[in-house]
Amino acid sequence: MKARLRAADLADAGGMGDILWDFQDQNDWMPNLYPRGEMIRFSEQMTGKGWVTVALYGEILAGFIARDGDEICALYVRPGLERQGIGKQLLDSAKSECESLWLRCLAPNAAARQFYRREGFAEIDRGNGDGNDEGLPEVTYGWALEPST
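Reading guide: rules and limits
- Residues numbered from 1 in each chain as written.
- Predicted model: local features only at pLDDT ≥ 70, side-chain atom pairs only at ≥ 80, totals over all residues.
- Heavy atoms only, no water.
- Helix = DSSP H or I, 4+ residues; strand = E, 2+ residues; numbered from the N terminus.
- Buried < 20%, exposed > 50% of the residue type's maximum accessible area, 1.4 Å probe, protein only.
- Contact = heavy atoms within 4.5 Å.
- Salt bridge = Lys/Arg side-chain N within 4 Å of Asp/Glu carboxyl O.
- Phe/Tyr/Trp six-rings, centres within 6.5 Å; stacked < 30°, edge-to-face > 60°.
- Lys NZ or Arg CZ within 6 Å of the ring centre and 35° of its normal.

*Asks:* Can you help me understand the environment of tyrosine 116 in this one?
*Replies:* With respect to the helices, strands and loops of the structure, tyrosine 116 is situated in helix 4 (residues 110–118). Looking at tyrosine 116, the relative accessible area reads 6%, which means it is buried. Between the C-alpha atom of tyrosine 116 and that of proline 147, which follows or precedes it by 31 residues, the distance is 20 Å. The residues touching tyrosine 116, leaving out its near neighbours within four places in the chain, are Leu75, Leu91, Leu103, Cys105 and Phe121.

*Asks:* Would you take a moment to explain the pattern of salt bridges for this structure?
*Replies:* Inspection of every chain in the model, using the stated rule, returns nine salt bridges. Note that aspartate 9 and arginine 6 form a salt bridge whose closest N and O atoms lie 3.8 Å from each other. When the shortest N-O distance is used, the salt bridge between glutamate 119 and lysine 88 registers 3.2 Å. With glutamate 119 in the loop between helix 4 and strand 6 (122–127) and lysine 88 in helix 3 (residues 86–97), this pair connects stretches of sequence that are 31 residues apart. Judged by its relative accessible area of 10%, glutamate 119 falls in the buried class. Counted as one network, the salt bridges with shared partners bring together Lys88, Asp92, Arg118 and Glu119.

*Asks:* Is there a simple way to explain the side chain of asparagine 109 in this structure?
*Replies:* Among the structural elements, asparagine 109 can be located in the loop between strand 5 (100–106) and helix 4. A relative accessible area of 15% means that asparagine 109 is categorised as buried. With near-sequence residues (within four places) excluded, asparagine 109 lies in contact with Phe23 and Trp29.

*Asks:* Would you mind showing me how to read the packing of aromatic side chains here?
*Replies:* Where two aromatic rings form a pair, the distance of their centres and the angle of their planes describe that pair. This model, assessed by the stated rule, comprises six aromatic pairs. Within the aromatic cluster, the residues linked to one another by ring pairs are Phe23, Trp29, Phe64 and Tyr76. The ring centre of tryptophan 21 lies 4.2 Å from the NZ or CZ of arginine 36, which sits over that ring.

Structure (structure tokens):
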């Protein structure tokens, strides 16, 4: 089943915050820095800026992507719905709107790093964690639309 994509509205912030909190809670390598309420407020801020596209399975908020221009700020899929094509669908939507994209991925997130490489992103930089709240090493990836010949 293909997800339905649409622009997020403020009513989606609770579901987005739940996805973020569940990700933090279910990954041992991820420090528990933020309570659920703060993640909902963060989701409200991203949505208020017009950055977010959500993926819906029926009425279930299955995932979301937040993009500020060519920067992917967040791409998350609800736990239990991974590997169903939702992340790819959200990423393909962003690719259809931009000639290039870039993002930072926490280095311990092996599944996400594999996903981005599979989807055509290349490593362009590494950081030691000084530039993120989690204090974890990060990898910067970039993607560019192939020029037509």
